[in-house]
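# A closer look at the structure
The residues making up each chain are set out below.
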Amino acid sequence: MGAGASKAQPGVHVVVAQSNEDGSIRAEHLPTENRESDGDRRRSRPVLHSNSPQYSRGKRRPRHEEPHSLSSSPPTGSHSSPSPAAVTGQGPEFKIFKTIDNNEYTVHCAEDGSMYYVDWAEQKWRVFPTEWIKGGKFENLDTKTNGDREGELIHPFRGKLTTLLRQESLNVMYFFDESNHGWLPMPLSWERQTPFVSRLVAETKNVCSDWDDDLSIVATLRQCNYSAEDSVNCHIAINDEGVFNKFKDKVGGSSLIFEKLQEKIKELETELKECRESKATMKEELTALKDILQETKAENEQLKQELKSFKTEQRKQSVVLQQSMGRGSMRLPAITAKMNILRPTVQNGLQEIRNVKFKLHTTRQQLKKSVRTHTEQMNELSKAVRGLLVRFEHQSAALQETRALYRKEAVQRKLLFNQVQELRGNIRVFCRCRHDERSTSDSLSFEGEDTVSVTTANGKKRKYEFEKVYSPKTTQDMVFEDTRPIITSCADGYNVCIIAYGQTGAGKTYTMMGPRDNPGVNVRSIKELFNIMKEKDKTDFEMKVSMVEVYNESIYDLLKSPNEVQEKLQIHKKGKELHVPGLTEIEVCSTDDVIKVMTVGEKNRTTASTKMNTNSSRSHLLLRLVLVSYNSVSKTTTRGSLTLVDLAGSERISRSEATGLRLVEAAAINKSLSALGQVFSSIRENSLHIPFRNSKLTHLLQQCLGGDAKACMFVNVSPLDANVPETISTLEFGMNARQVALGKATTHITKTT
Ligand SMILES: Nc1ncnc2c1ncn2[C@@H]1O[C@H](COP(=O)(O)OP(=O)(O)OP(=O)(O)O)[C@@H](O)[C@H]1O
């Protein structure tokens, strides 16, 4: 047992009570200025009461070991002591007995119920007095678990902290109070004066220069068991807390501060990064500068060397020059004389050179100026060209677009036209009344675009409706406008036929052929056909013309030379196609070609009729154009035909009062025209048999009226009152034809593989 004190001042002893590692308690004397000798100290050692509370606050070993560290084991014998069960309700063990004034005693409760406590003063086990029980209470050694002492703290920087209230033994500085004759805890201000604490305070202040409150330092030292290091840490922690509180007061929340601080940290980190980067850059620059410096130094060295060698060379040269001058001075007068002679020549030469140089300079300036002007002009020109190119590109794009639109439009138009045609029926009948100056009455009246009325001799008025009715005032051009669409069909691969019907002199030939300066449907149609074919892209075409007349039920080739023997042509069937063997077909490339061919045909017709003493108007004229086109894009061959028919006059035989040959002619015409009427009637009535073969005319027209063609008929009438019966007959014929609905027209297109 080592508890004692040294006497620092009379009546005051200073001691730090501390338990030893082995469980015994020792008192460590603090260094004092006026320490007494060991003997004095031993003599004057104050006696601590064994049950003094100050002892129990000293550092203790784990309590269950305490009795074993004593010199003797706790007695097991039976003494008169309270039963442990009566005290704790449990078996033999070590317990803590805590008095009302907080003194603690380690108590051993033996098996037999007897209890002992440790008398530390004597280092002995003593029987625990039963009368003490009333003045305190027992506690189990394991009652103070961490569970009671653990807690939490939300720290502004470290987040959630788990705290533990741990009981640890601390050194406490006491002084011996002579008056009380006992040890008492020393006040802070006194303690500050002790050399031991004074040294620790100095150490602490050395580390924390801002901490100038000595008493606060001593208090902290006490709490930290006189460890200067711990007290410094504690101070830093307290200061942190202070900062935290300061911010908390200002901003009002730890999380906000935390966020702000984190932001600050981030900013600082960014700054640091930037500094590092700029440092790296500067380092690189420095290296580069060093290199440059090195190079410059090397250059400098080289220049120095060169200068040195130059100076040496100069010295050598000056020596040589001086030597030369020495030699030359002897010939100087002769040289001077020669120079005087040469000087004017040289001066003149120099002047000339100067003049030439000046001229050259002037010319150069002029050239420069003109080059500059030309360059500017060139630039302007190229700018203008660029602008033109851009405009050209725009326009060609627009043109292409327009072309595409046009093509689309054309296709749509074709489709619409075909639809309209199909709706109207594929035979369209127009009525044309010729202009005749002799006409004075108004037996024919024209109502609207499609109706003509005829007033008969007995005053009856008959109305006839056609696709269109052309009054005498109608021009050739206007007539053709309605025919134009059917020509487009021919180019598209349809068999197309235009027929003129009417009494002699009613204007059939005028409508079909027309005068040379005002051509009719024939020439205009042929022109239109060529125009259409030429407009078609990637399409090659071939056109052939044939011309025949049907006279007295015989077919004659009008393109055969009149010198040749005229043979009657026959019609043969070749598959579905009709074929006229021996018929002349002439290839044509333009409208002019066709007109030439037609002129030849007309001439042959007239010659023939003269030879036979006949009248050309007594025969039917058929002009046929066969068009074969090939499209290289779609790889299709299209075959269409245009048949232009100028029929012979349709007047009645009785009226013409014909006899002999004229009668035969009239009968033949009558036969063929009535055969034509029959064909129309049969088609209209949907008869199984259509009598195409009843006449040469209808036989030849079979392909044009045969159901897959498109036909157009002009019924020509005269405005004269005298012709009213013929006019009515013609109009009736036209009406009959109008009611004919040809089958659906079909194109003749074959695909080439
Ligand atoms: N619309 C018209 N305007 C002016 N003159 C016309 C018109 N139609 C016909 N004629 C004239 O009437 C005359 C007879 O015309 P055209 O020869 O065309 O009759 P046609 O019906 O062909 O007779 P044919 O049956 O004898 O051939 C001609 O001189 C012609 O110029």
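Residues numbered from 1 in each chain as written. Predicted model: local features only at pLDDT ≥ 70, side-chain atom pairs only at ≥ 80, totals over all residues.

### Here we look at the overall build of the chain
Within the chain one finds 20 helices and 27 strands. By residue count, 27% of the 753 residues in the chain fall in the buried class. Long-range contacts, defined as pairs at least 24 residues apart, comprise 66% of the intrachain contacts of the chain with a sequence gap of at least 6. (Helix = DSSP H or I, 4+ residues; strand = E, 2+ residues; numbered from the N terminus. Buried ≥ 20, exposed ≤ 12 C-beta atoms within 10 Å, placed from the backbone. Contact = placed C-beta atoms within 7 Å.)

### Considerations on the confidence of the model for the chain
Counting all residues, the mean pLDDT for the chain is 76, and 75% of those residues have values of 70 or more. Scored below 50 in pLDDT, residues 1-72 makes 139 contacts in the model with residues more than four places away or belonging to other chains. Between residues 246-254, whose pLDDT stays under 50, and residues either more than four places distant or in other chains, the model counts 6 contacts. Our summary of model confidence lists the complex with pTM equal to 0.49 and ipTM equal to 0.97. (pLDDT = per-residue confidence, 0-100.)

### Points about unusual backbone geometry
With the exception of glycine, the majority of residues adopt a negative phi angle, and the majority of peptide bonds are in the trans configuration. The residue N225 is not glycine, and still its phi comes out positive at about 55 degrees. Mapped onto the elements of the fold, N225 is located in the loop between α8 (214-223) and α9 (228-251). In the Ramachandran plot, N552 falls in the positive-phi region, its phi being about 45 degrees despite a non-glycine side chain. Secondary-structure assignment places N552 in the loop between β19 (539-551) and β20 (554-557).

### Let's talk about the environment of T483
Tracing the backbone through its elements, the reader meets T483 in helix α12 (residues 476-491). Taking the number of C-beta atoms within 10 Å as the measure of exposure, T483 has 20 and is therefore buried. Here the alpha-carbon distance between T483 and I498, two residues 15 residues apart in the chain, equals 8.6 Å. Those residues in contact with T483 that lie beyond four places of it in its chain are I498, V521, S525 and C712.

### Brief notes about the pairing of strand β26 (residues 709-717)
Judged by how many residues are buried, β26 sits mostly within the fold: 9 of 9 residues are covered. Judged by which residues are buried, β26 turns out to be covered on both faces: A709, A711, M713, V715 and V717 on one side and K710, C712, F714 and N716 on the other are all buried. Bridging between strand β13 (residues 427-433) and β26 involves 7 bridges; their strand directions are parallel. Considered in β26, the bridge of C433 is made with V717. Taken together, the 8 bridges between strand β18 (residues 495-502) and β26 define a ladder with parallel strand orientation. Bridged to A500 within β26 is F714. (Pairing = 2+ DSSP bridges.)

### Describing the nonpolar core
C431, C497, I499, L529, A711, M713 and V715 are the most contacted members of the largest nonpolar core, which has 83 residues in total. Broken down by element, the residue count for this core peaks at 9 residues, all from helix α17 (residues 660-684). Core analysis: the next-biggest nonpolar cluster, separate from the first, contains 11 residues, V107, Y117, V118 and W125 among them. (Core = buried A, V, L, I, M, F, W, Y, C linked by C-beta atoms within 7 Å.)

### Some points on the packing of α12 against helix α14 (residues 521-535)
Across the interface, α12 lies against α14 with an axial gap of 9 Å and an inter-helix angle of 45 degrees. Considering their axes alone, α12 and α14 lie oblique with respect to each other. Regarding α12 and α14, the two cross each other, and that crossing is right-handed. Taken together, the residues of α14 that come into contact with α12 (itself represented by V479, F480, T483, R484, I487, T488, C490 and A491) are V521, R524, S525, E528, L529, I532 and M533. (Axes fitted to C-alpha atoms, helices over the stretch in contact; angles between N-to-C directions. Parallel < 35°, antiparallel > 145°, perpendicular 65-115°, else oblique. Left-handed = near helix turned anticlockwise from the far one by under 90°.)

### Structural notes on the site of the ligand
Taken together, the neighbourhood of the ligand is formed by 13 residues, with R434, G507, T509, Y510 and S617 sitting nearest. The element that contributes the greatest number of residues to the shell around the ligand is helix α13 (residues 508-512), accounting for 3 residues. Across the shell around the ligand, the residue classes tally to 2 nonpolar, 9 polar and 2 charged. (Near = placed C-beta within 6 Å. Nonpolar A, V, L, I, M, F, W, Y, C, P; charged D, E, K, R; others polar.)

### Quick word on α8
Listed in full, the buried residues belonging to α8 are I217, V218, T220 and L221. When α8 is viewed along its axis, its buried side chains cluster within an angular range of 165 degrees and face the same direction. Backbone geometry just downstream of α8 places N225 in the positive-phi region, at approximately 55 degrees. (Arc of directions from axis to C-beta.)

### Describing the environment of M713
Here M713 is to be found in strand β26. When the C-alpha atoms of M713 and A500 are compared, they prove to be 5.8 Å apart, with 213 residues separating the residues in sequence. Filtering out sequence-adjacent residues up to four positions away, M713 remains in contact with I427, V429, I499, Y501, G734 and A737.

### Description of the sheet that holds strand β16 (residues 461-465)
Pairing within the open sheet is antiparallel, and its 3 strands lie in the order β14-β15-β16. The open sheet has two free edges, formed respectively by β14 (444-447) and β16, since each of these has just one partner strand. Pairwise comparison of adjacent strand axes, ignoring direction, gives a mean angle of 25 degrees for this sheet. Here helix α20 (residues 724-738) sits on the sheet and contacts β14, β15 (451-455) and β16; the angle it forms with β15, its principal contact strand, is near 145 degrees.

### Quick look at the packing of α17 against α20
Look at α17 against α20: their axes get within 8 Å of each other, and the N-to-C directions meet at 35 degrees. Handedness of the crossing formed by α17 with α20: left-handed. Across the interface between the two elements, G677, F680 and S681 from α17 touch F733, N736 and A737 from α20. Its residues placed into classes, the contact of α17 with α20 shows 3 nonpolar, 3 polar and no charged.

### Brief notes about helix α7 (residues 195-207)
Residue pairs three or four apart in sequence face the same way in an α-helix, which turns once every 3.6 residues. Over its 13 residues, α7 runs 19 Å from end to end, which matches the ideal 18 Å to within 8%, given 1.5 Å per residue. Turning to α7, its buried residues number three or more, namely V197, L200, V201 and T204. Looking straight down α7, one finds that the buried residues subtend no more than 105 degrees of arc, so they occupy a single side. Exposed residues pointing more than 90 degrees away from the buried face of α7 are listed as P195, R199, A202 and N206. (Expected span 1.5 Å × (residues − 1).)

### Focus on the pairing of β18
With respect to burial, β18 is a largely interior element, 8 of its 8 residues being buried. Relative to strand β25 (residues 636-646), β18 runs parallel, the two being bridged by 6 bridges. Bridge pairing in β25 places I499 opposite V645.

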